[in-house]
Amino acid sequence: MFLFFFSDSAHSFGATVACFLAGILMSTLGRRGATLYCTIPAYSLGYLIVGCSTSYIMLIGGRFLTGMGLGLTLTIPNVYLVEVTDPQFRGVLGVLPNLFCQLGIFATYISGQWLDWSQLALVCAGLNLFFIPAVYYIPESPHFLMAKGQEDKAEKALEMLDIDTEILVDIKRRQKESLAENQSVMSQLRSSANVLPFLSGVLLMTFFQVPIFSFNIVQLFNYVQVSNFVKLLNFG
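Notes on the structure in this doc start here.

The rules behind each value
Residues numbered from 1 in each chain as written. Predicted model: local features only at pLDDT ≥ 70, side-chain atom pairs only at ≥ 80, totals over all residues. Heavy atoms only, no water. Helix = DSSP H or I, 4+ residues; strand = E, 2+ residues; numbered from the N terminus. Buried < 20%, exposed > 50% of the residue type's maximum accessible area, 1.4 Å probe, protein only. Contact = heavy atoms within 4.5 Å. Areas by Shrake-Rupley, 256 points an atom, 1.4 Å probe, with all protein chains shown as cover. Phe/Tyr/Trp six-rings, centres within 6.5 Å; stacked < 30°, edge-to-face > 60°. Lys NZ or Arg CZ within 6 Å of the ring centre and 35° of its normal. Salt bridge = Lys/Arg side-chain N within 4 Å of Asp/Glu carboxyl O. Patch = residues over 30% accessible without salt bridge, like charges linked within 9 Å, V, L, I, M, F, W, Y side chains within 5 Å.

Section: the overall build of the protein chain
Then, in step 1: What the protein chain contains, in helices and strands, is 14 helices and 0 strands.
Then, in step 2: The order of α-helices and β-strands along the protein chain, N terminus first, is α-α-α-α-α-α-α-α-α-α-α-α-α-α.
Then, in step 3: Expressed as a percentage of the 236 residues in the protein chain, the buried residues total 27%.
Then, in step 4: In the protein chain, the share of contacts with a sequence separation of at least 24, taken over all contacts with a separation of at least 6, comes to 66%.
Then, in step 5: Counting only carbon and sulfur atoms, one obtains 68% of the accessible surface of the protein chain, whose full area is about 16000 Å².

Observations regarding the packing of aromatic side chains
Within a pair of aromatic rings, the relevant descriptors are the distance that separates the centres and the angle that separates the planes.
Then, in step 1: Inspection of the entire model under this criterion finds 3 aromatic pairs.
Then, in step 2: Judged by centre distance (5.7 Å) and plane angle (40°), the ring pair of phenylalanine 13 and phenylalanine 64 falls under tilted. Taken together, the residues phenylalanine 13 in helix H1 (residues 2-52) and phenylalanine 64 in helix H2 (residues 56-73) connect sequence positions 51 residues apart.
Then, in step 3: Its relative accessible area of 44% is what places phenylalanine 13 among the partly exposed residues.
Then, in step 4: Residue phenylalanine 64 is classed as partly exposed on the basis of its relative accessible area of 22%.
Then, in step 5: Between tyrosine 43 and tyrosine 47, the aromatic rings sit 6.1 Å apart at their centres with planes inclined by 10°, giving stacked as the arrangement. In this pair, tyrosine 43 and tyrosine 47 both sit in helix H1, 4 residues apart, roughly one turn of the helix.
Then, in step 6: A relative accessible area of 24% places tyrosine 47 in the partly exposed class.
Then, in step 7: Positioned above the aromatic ring of tyrosine 136, the side-chain terminus of arginine 32 is 5.3 Å from the ring centre.

Description of the side chain of threonine 39
Then, in step 1: Examined against the element boundaries, threonine 39 turns out to sit in helix H1.
Then, in step 2: Excluding anything up to four places from it in sequence, threonine 39 contacts Ala34, Gly69, Leu72, Thr73 and Ile76.

Considering the pattern of salt bridges
Then, in step 1: Scanning the entire structure with this criterion turns up 1 salt bridge.
Then, in step 2: Across the salt bridge formed by arginine 31 and glutamate 83, the nearest N and O atoms sit 2.7 Å from each other. Pair noted here: arginine 31 is in helix H1 and glutamate 83 is in helix H3 (residues 76-84), with a separation of 52 residues, a long-range link.

Some words on the environment of lysine 148
Then, in step 1: Along the chain, the position of lysine 148 falls in the loop between helix H7 (142-147) and helix H8 (151-160).
Then, in step 2: Residue classification places lysine 148 among the partly exposed residues on the basis of a relative accessible area of 43%.

Topic: a nonpolar patch on the surface
Then, in step 1: There is a patch of nonpolar side chains on the surface, built from Val123, Leu127, Leu129, Phe130 and Ile132 and spanning about 520 Å² of accessible area.
Then, in step 2: Among the secondary structure elements, isoleucine 132 is positioned in helix H6 (residues 117-136).
Then, in step 3: Exposure remark for isoleucine 132: the relative accessible area of 38% places this residue in the partly exposed category.

As structure tokens, then:
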């Protein structure tokens, strides 16, 4: 029974772990590197294990890895978009990762009408083959390259992104200011400018993860008297 419930929560647990690791991975491998060497393998291996699983242990391991992939997906692309886009477009582009995550979930529900869970997992693993070249050919974040002292590569990346190379001066200035302040993560969280958005996000995600509707889905459908609609979708 314990393994049954943990197989459901392993995905969220993996996403939580990945969110804590994302900062370290981006600082060491870069935004592009972390996606190429961590996010894609987590998704590919996780879905492959789920698709081939013959026990709860394999299912839990696979869901944990796909959860890590999701956690990295919700963090790394947002940082990358902020660093390589014009401020006037950041708001629109910043929602794209979450938007396509939801579209992907919707697509899996539709595909589930013809594929069972193991087949669907293997299809998702195969889709990562298209993800590899897409990420491989994007330029690394100029901010990361400048932090590593690779100014020539940062300039080439800006040219590929069609961004004025004069922004390198601004990047240098902000990195020097950041080093001078040398604030810890906890001190930044205690800042009045950060604490309210942080707590609001935690509260919203807590409600998002509460499985009350999953446990009561049958009663919910019966209550609103949509049993015919449920039968149409093969739920009952």
